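Chain residues, written in single-letter form:
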Amino acid sequence: MSAKENILNAIAQNQPELIPLPAIDLDSVIDYEDLYAQFKLVLEGIGGKVELISGLAELQEELKADKESGSFVVNAIGALGDVDNHVVSLSASELEKLEKAYVEGTIGVAENGAVWIYESQMINRLVPFICQHLVLVIEKKNIVPTLHHAYEIIEAGREGFGAFIAGPSKTADIEQSLVIGAHGARSARIYVVE
Amino acid sequence: MAAKHAELAEKFIADEPRTDWHDETLWFVRSKRDKAAHGLPEWEQLREWGSQIKNHTLSNLSNYLKEFEENAIANGIKIHWAADGDEHNKIIHDIIRKHNIKKIVKSKSMLTEECHLNEYLQHNGIEVVDTDLGERIVQFRKEPPSHIVLPAIHLKKEDVSATFHEHLQTEKGNNDPQYLTEAARQHLRNKFVESDLAITGVNFAIAETGGFVVCTNEGNADMGAHTAPVHIACMGFEKLIPKAEHLSVFLRLLARSATGQPITTYSSHFHRPRPGQEMHIVIVDNGRSRQLGREDFRNSLKCIRCAACFNTCPVYRRSGGHSYHTAVAGPIGSILNPNLDMKANADLPFASTLCGSCSNVCPVKINIHEQLWKWRQVISEEGYAATSKKVAMEGMSFVLSNPKLYRFAGKMGRGVMKLFPFMVNNKLNVWFKQREMPEPPKESFRDWYLKNGKFKK
Amino acid sequence: MKIALFIPCYIDQFYPNVGIATLQLLEKLGCDVTFPLEQTCCGQPMANSGFASLSKGCDANFVKNFSGFDYIVAPSGSCVLHVKEHLHDDKNPNEALQIRNTVYELTEFLTDILKIKNLNASFPYKVGLHNSCHGQRGLNLSSMSERMLPEFSKAEELLKMVRGIELRRPERNDECCGFGGTFCVFEEAVSVKMGKDRISQHEANDVDYITGGDTSCLMHLEGILKRQESKVKIIHIAEILNSLL
């Protein structure tokens, strides 16, 4: 018998009598009066910068200036400008020099400042992690209270990869001193479009 | 014979200021957890949901595992099954050989610690670079991690600075955490970019979709997984949860319990390898199916490895993770490890006062302190208690079952203490090392009661 | 209401004053109290050391002594918890069950059964309360800082009825003292370190006394205090509640 069969048999023999799943009552989880305010509060508490904008004009300008200056920048947001689809096939060493990435998220979560991003929104999975600075854009109407609400909207397995990203990378592994900027992005700016 | 918790803890405590620092640092993490938990009025309800989902999963585990494998394979992931740590290591070694892999990066996986993967590969001439900052630090120092979430919590920044000066040529005496972290970032960035293989752990595996989630603050799991042509994710089979929607419960509980954050920076959901990449999952038993069959201890398998129990444990804070001489220390380790090797870990369930705080902070309501008590019974029954202890206990039982003998022994004991205090107040009496003995009263309560209290037959 | 007084073995032998205070307190509150004369020990020391199988003799003796009462009251949270969770007697299962259902620690008996609202007691000192773990977490004698539930404390409720008392909470209000039964000798270094830390938190509040509901914890703390030649004294909560009654 294979290891798989042995293990599954042992489990089937040893597992207890079936116990039902609990009912998750969404009415009993926390809600926030102002979802954007909570989202901003939490995200800024974990090193992110959050700004409410009425339109994308300023960001379009920033992207244009980045491209003109020759800085290695990737744009994944169609509404901001040309999308850099070619980066899907770039290698890790080519992407290593990535300075900034403009990425659109699907939803934001007020309780924890996280933004859900599908792989297709990243172009290349490495983009939001390997860039030095991350710029995320979401719509204000897509901020939900908690992860329970988030998982009702997103389909975790729809694409090969997806991630919640909450602010810039960080670590407190050295004597519990918080350092922003570990292996992922050193900074994260999140723009919420009204 | 390998040193046991009591001796190792004594060595740790000998440096009292450092023990105080370790204790306060971990208490600080516990208080951050408290603050985060207070922020959710539904906290206790969330724990109950987490507990019940896990209870349900364990009762239907064989079906969920089959469902998980089927869905993962349909998504292009290769699934391997390992009966024990040795098989797990061999499977990974085979993949390494097949692809002629030279450069390996690994993000935090307590399972690979449990299986001693790094040692095994090193023995076979293969180096693995641990990329979690805390793990890299202890890897340089050739030490095991002392905490499953904060691997280097036992080290001060001066220690890290010295280690980095030696291995990364950072400035001698520069203890600034920002400076040191930047040095690690640069050093590890190259490793990521050049990696042939990324090994990660699995925080949660989803039966419904065949995918898995890896949570980090540093982004090191992703930096490896999205650069390397081969990604191997290692999981104990109990990491399974039924549906993607259940992630909401566990992700809400995990980071708050572990470090007091509402969520880790990255919660990465893997379902398919990226084009051109090979993705593997190694599902490991290593004693878990045996634990599943132990009615009193099976729900220790609910553990989501948050370490809240470590941070709240007054014994752990004052003895440090290395005193537990296992991959997973702390209270949860003390109920998991006797199942792996009862003889080697017979001391662990006794490294506790049974205060019960661990059970209260556990996000999935494992009754840790009750299991500690039950393991003590099993260990004695299996014959792993010291003979001297067994003899003493039998003597105690005999005396305490017999009222006249109990009263006689008590009177004699008090008499000796009063008339010949040196017989008790000496080096052989462990109590007496750092504490005065209680004053022996001239009469027992019962003696007083017979003279002064009303009594009825 | 017939009440049996359960006096833990180490109180009987080393701290009879705690037993005396408990008896006097209950009688002055109008209780009809009997002390079963052949009681010995609840068996906890063996059970917590992994030898629950050896406590059958103690269990049988306990059932013999404590059957036939309306309530059993003891000035000890850990002994009461042990009896509630582990008392069994194959020969007398019903009596054992009855005892498990009617055994009370002193403070919970006063607040929950006698429902005391005031006490004629006086203790004009600065006092730190040590929350013994088994009573607190096992018997739910008070809320605990790691759980997100409404705050309450049966011991504090009673102590606040005492004239002149000044209660001062230590920074970590519910950390274990480190006694832990045989832990106190088998893991002596950790045990004493935990005790010392408890004490320094109370000393930071400049208390005159440290009190609590479990003499085991108090005995351990007192041993350290005396070795340190501290001016802080130890007193069981029964003795405070019984003062000047």
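What counts and what doesn't
Residues numbered from 1 in each chain as written. Chains lettered and ligands numbered in written order. Predicted model: local features only at pLDDT ≥ 70, side-chain atom pairs only at ≥ 80, totals over all residues. Helix = DSSP H or I, 4+ residues; strand = E, 2+ residues; numbered from the N terminus. Rg over C-alpha atoms; globule rule 2.2 N^0.38 Å. Contact = placed C-beta atoms within 7 Å. Pairing = 2+ DSSP bridges. Axes fitted to C-alpha atoms, helices over the stretch in contact; angles between N-to-C directions. Domains from an automatic or database assignment. pLDDT = per-residue confidence, 0-100. Nonpolar A, V, L, I, M, F, W, Y, C, P; charged D, E, K, R; others polar. Expected span 1.5 Å × (residues − 1). Buried ≥ 20, exposed ≤ 12 C-beta atoms within 10 Å, placed from the backbone. Arc of directions from axis to C-beta.

### Brief notes about the overall build of chain C
- Looking only at helices and strands, one finds 13 helices and eight strands in chain C.
- For 245 residues, the compact-globule estimate of 2.2 N^0.38 gives 18 Å, and the C-alpha radius of gyration of chain C, at 17 Å, lies within 12% of that figure.
- On the principal axes, the C-alpha backbone points of chain C span a range of 50 × 40 × 40 Å.
- In chain C, of all internal contacts separated by at least 6 residues, the share reaching a separation of at least 24 is 76%.

### A few points about the sheet that holds strand S6 (residues 166-167) of chain C
All names here are of chain C.
- Read from one edge to the other, the open sheet built from four strands follows the order S6-S5-S7-S8, with strand pairing classed as parallel. Single-partner strands in this sheet number two, and they are S6 and strand S8 (233-236).
- Pairing of strand S5 (residues 126-130) with S6 involves two bridges; the strand directions are parallel. Counterpart to Lys126 in the pairing with S6 is Glu166.
- Each of S5, strand S7 (209-212) and S8 is contacted by helix H12 (residues 215-227), which is oriented at about 170° to S8, the strand it contacts most.

### Side note on the domain arrangement of chain C
Residues and elements named next belong to chain C.
- Examined at the domain level, chain C breaks down into domain 1 (2-113) and domain 2 (126-241).
- With centres defined by C-alpha atoms, the gap from domain 1 to domain 2 works out at 22 Å.
- Taken together, the contact between domain 1 and domain 2 spans 24 residues of the former and 22 residues of the latter.
- Elements with a minimum of two residues in the side of domain 1 that touches domain 2: helix H1 (9-14), helix H2 (16-28), helix H3 (44-51), helix H5 (77-86) and helix H7 (106-113).

### What about the confidence of the model for chain C?
- For chain C, the mean per-residue pLDDT works out to 96, and 100% of the residues sit at or above 70.
- Scored by ipTM, the complex comes to 0.98, with pTM at 0.96.

### Regarding the environment of C:Glu85
- Relative to the assigned elements, C:Glu85 resides in helix H5.
- Sequence spacing of C:Glu85 and C:Asn101 is 16 residues, and the spatial spacing of their C-alpha atoms is 10.0 Å.

### Some remarks on the interface of chain A and chain B
- At the junction of the two partners, chain A supplies 60 residues and chain B supplies 70 residues.
- If you list the elements that add at least two residues to the side of chain A that touches chain B, you get helix H1 (3-14), helix H4 (92-95), helix H6 (127-130), helix H7 (147-153), strand S8 (161-165) and strand S9 (170-171) of chain A.
- With nine residues, H1(A) is the largest single contributor of residues to the side of chain A that touches chain B.
- Considering only residue class, the side of chain A that touches chain B consists of 34 nonpolar, 17 polar and nine charged.
- As paired strands, S8(A) and strand S9 (residues 266-270) of chain B are joined by five bridges and run antiparallel to one another. The residue bridging A:Phe161 from the neighbouring strand is B:Phe270, located in S9(B).

### Re helix H19 (residues 387-400) of chain B
- Given a rise of 1.5 Å per residue, 14 residues ought to cover 20 Å, and the 20 Å separating the end C-alpha atoms of H19(B) matches this to within 8%.
- Those residues of H19(B) that fall on the buried side of the exposure criterion are B:Met393, B:Met396, B:Ser397, B:Val399 and B:Leu400. All buried residues of H19(B) fall inside an arc of 165° around its axis, so they share one side. In H19(B), the exposed residues that point more than 90 degrees away from the buried face are B:Thr387, B:Ser388, B:Val391 and B:Gly395.
- Of the surrounding elements, those touching the buried residues of H19(B) are helix H20 (403-419) of chain B together with H3 and helix H4 (56-66) of chain C.

### Considerations on the environment of B:Arg294
- Inspection of the secondary structure assignment puts B:Arg294 in the loop between helix H13 (288-292) and helix H14 (308-312).
- The class for B:Arg294 is partly exposed, based on 17 C-beta atoms found within 10 Å.

### Let's talk about the domain arrangement of chain B
Residues and elements named next belong to chain B.
- Once the domains are mapped, chain B shows domain 1 (1-39 + 306-385), domain 2 (40-286) and domain 3 (399-452).
- Averaged C-alpha coordinates put domain 1 and domain 2 at centres separated by 23 Å.
- In this assembly, 24 residues from domain 1 lie in contact with 26 residues from domain 2.
- Within the residue set of the side of domain 1 that touches domain 2, elements represented by two or more residues are helix H2 (16-38) and H14.
- Element by element, the count of residues in the side of domain 1 that touches domain 2 is highest for H2, at nine residues.
- The class makeup of the residues in the side of domain 1 that touches domain 2 is 14 nonpolar, six polar and four charged.

### Some words on the interface of chain B and chain C
- Between chain B and chain C, the contact holds 60 residues from the first and 58 residues from the second.
- Ranked by the residues each element gives to the side of chain B that touches chain C, the list is headed by H19(B), at six residues.
- The class makeup of the residues in the side of chain B that touches chain C is 30 nonpolar, 16 polar and 14 charged.

### Here's the deal with the sheet that holds strand S3 (residues 100-104) of chain A
Residue and element names in this part refer to chain A.
- Across the sheet, five strands lie side by side as S1-S11-S6-S3-S2; this open sheet has parallel pairing. Sheet topology places strand S1 (49-53) and strand S2 (73-75) at the edges, where each strand pairs with a single neighbour. In this sheet, adjacent strand axes meet at a mean angle of 15° when their direction is disregarded.
- Most of the contacts of helix H2 (residues 35-45) go to S1, to which it runs at about 155°, and overall it touches S1 and strand S11 (187-193).
- Packed onto the sheet, helix H3 (residues 57-69) meets S1, S2, S3 and S11 and runs at close to 140° relative to S2.

### Notes on the pairing of S8(C)
- The pairing of S7(C) with S8(C) spans four bridges and is parallel. Residue pairing for S8(C): C:Tyr209 is matched across the bridge by C:Lys233.

### Here's the deal with the arrangement of the chains
- Counting contacts across all two pairs of chains that touch, the top pair turns out to be chains A and B.
- At their nearest point, the C-alpha atoms of chain A and chain C are still 15 Å apart, with no contact between the two.

### Considering unusual backbone geometry
- Of note in this structure, A:Gln176 is not a glycine but carries a positive phi near 60°.
- Its location among the elements puts A:Gln176 in the loop between S9 and strand S10 (179-180).
- Judged by C-beta crowding, with 17 C-beta atoms within 10 Å, A:Gln176 ranks as partly exposed.
- Residues other than glycine seldom take positive phi values, yet C:Asp206 does so here, at roughly 55°.
- Among the structural elements, C:Asp206 can be located in the loop between helix H11 (188-203) and S7.
- By the C-beta count within 10 Å, which is 11 here, C:Asp206 ends up exposed.

### Some points on the pairing of strand S3 (residues 71-74) of chain C
- Pairing between strand S1 (residues 2-5) of chain C and S3(C): three bridges, direction parallel. From the neighbouring strand, C:Leu5 faces S3(C), where its bridge partner is C:Val73.

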